[in-house]
Amino acid sequence: MAYDQDNIFARIVRGEIPCHRVYEDADTLAFMDIMPQAEGHTLVVPKSAGEDIFSTSPEAAAAAMCTAQRVARAVKKAFAPPGIMIAQLNGAAAGQSVCHLHIHVIPRYVGKDLGIHAANPADHAVLAEHAARIRAAL
Ligand code: 5GP
């Protein structure tokens, strides 16, 4: 499948669609998931085009993972969850719904199930406050 230049994350990277930004550098962008599976659920994308792990360069994938590590540390500091899940889905069969490579950083708690994937939009004011908390912990 050819990379869709107008997928939602490509448009966020180009600044055509707003996001609750957490971190940005030359190669990557991190922002709040608008349908979080837990409070603090953050997404990390490489800025370069690539729909999944197979079509993304090793350099871009490595840059995204470095940012995911940085963001995970900040999420841990900001929300103090006992666990953090790092997830990256490839293909519809794996649950991928946006075809621009992204890494999920999701707080996890003992005995608390993961929220449903891409199902429940969060309040924008809440997402803005969570993004500010994570930015302050970077
Ligand atoms: P995937 O299923 O591809 O691994 O994950 C896509 C993620 O993107 C989902 O968790 C979904 O909630 C999130 N998402 C979908 N549309 C948007 C959007 O417009 N903005 C943001 N920030 N997240 C989105």
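As a starting point, this report considers the structure included with it. Here the structure is a predicted model, which means the values were calculated and not measured.

To continue, consider the nonpolar core. With 19 residues, the main nonpolar core has Val22, Val44, Val71, Val105 and Ile134 as its most contacted residues. Looking at this core, the elements with two or more residues in it are β1 (21–24), β2 (28–32), α2 (58–79), β5 (103–108) and α3 (124–137). Among the elements that make up this core, the one with the highest residue count is α2 (eight residues). The contact partners of Val71, leaving out residues within four places of it in the chain, are Val22, Tyr23, Ala30, Thr42, Val44 and Val105. Ranked by size, the runner-up nonpolar core spans seven residues in total, among them Leu29, Phe31, Leu43 and Val45.

This part takes up the site of the ligand. Every one of the 18 residues lining the ligand counts as a neighbour, but Asp33, Ser97, His102, His104 and His117 are closest to it. With respect to the ligand, the backbone of Met32 contributes an N or O atom lying 2.9 Å from a nitrogen atom. Within the side chain of Asp33, an N or O atom sits 2.4 Å from an oxygen atom of the ligand. For the ligand, whose free accessible area comes to 510 Å², the fraction covered by protein is 92%. More than half of the atoms of the ligand fall within 2 Å of the grid points belonging to the largest pocket. Element by element, the count of residues in the shell around the ligand is highest for helix α1 (residues 8–13), at three residues. A per-class count over the shell around the ligand returns eleven nonpolar, six polar and one charged.

This part takes up the sheet that holds β5. A sheet is described by the order of its strands in space; here five strands give the open sequence β1-β2-β3-β5-β4, paired in antiparallel fashion. Both edges of this open sheet fall to β1 and β4 (83–87), since each of them pairs with a single strand only. Taking each pair of neighbouring strands and ignoring which way they run, the sheet shows an average axis angle of 20°. Note: β2 against strand β3 (residues 42–46), five bridges, orientation antiparallel. Looking across to β3, one finds that Met32 is bridged to Thr42. Lying over the sheet, α3 contacts β1, β2 and β3, oriented at roughly 35° with respect to β1.

Cut-offs used in this document
- The written sequence of each chain sets the order in which its residues are numbered from 1.
- With pLDDT at 70 or above as the cut-off, local features in this predicted model cover only qualifying residues; side-chain atom pairs require 80 or more to be listed or tallied, and sums for whole chains, interfaces and linings still use all residues.
- To get the side-chain values, all heavy atoms of the structure are used, and hydrogens and water are removed first.
- Residues enter a nonpolar core if they are buried and are Ala, Val, Leu, Ile, Met, Phe, Trp, Tyr or Cys, with the set joined through side-chain atoms within 4.5 Å.
- Each residue is assigned to one of three classes by its accessible area relative to the maximum for its type, calculated with a 1.4 Å probe on protein chains only: buried under 20%, partly exposed between the two thresholds, exposed over 50%.
- Strands are runs of DSSP state E lasting at least 2 residues, helices are runs of H or I lasting at least 4, and numbering of each runs from the N terminus.
- Two residues form a contact once any of their heavy atoms are found within 4.5 Å.
- Think of it this way: one heavy atom of a residue within 4 Å of a molecule or strand is enough to make that residue near it.
- Throughout this description, a polar contact denotes any pair of N or O atoms lying within 3.5 Å of each other; where both atoms belong to protein, one of them has to be capable of donating a hydrogen while the other can accept it, and for residues adjacent in sequence the pair is counted only when both atoms sit in side chains.
- Using a 1.4 Å probe, the Shrake-Rupley method yields the accessible areas, and only the shown protein chains count as cover for residues.
- Cavities and pockets were defined on a 1 Å grid built from protein atoms only: a cavity is a group of points that admits a 1.4 Å probe but offers it no way out, a pocket is an open group of points flanked by protein on both sides within 12 Å along at least five of seven lines, and a lining residue is one with an atom within 4 Å of any such point.
- Any molecule with more than half of its atoms within 2 Å of a cavity's or pocket's grid points is counted as sitting in it.
- Under this grouping Gly is polar, as are all residues other than the nonpolar Ala, Val, Leu, Ile, Met, Phe, Trp, Tyr, Cys and Pro and the charged Asp, Glu, Lys and Arg.
- Here a strand pair is declared whenever DSSP counts at least two bridges between the two strands.
- Axis angles are defined between N-to-C directions and span 0 to 180 degrees, where every axis is a line fitted to C-alpha atoms and, for a helix, only to the segment in contact.

What is shown is where atoms sit, not what they do.
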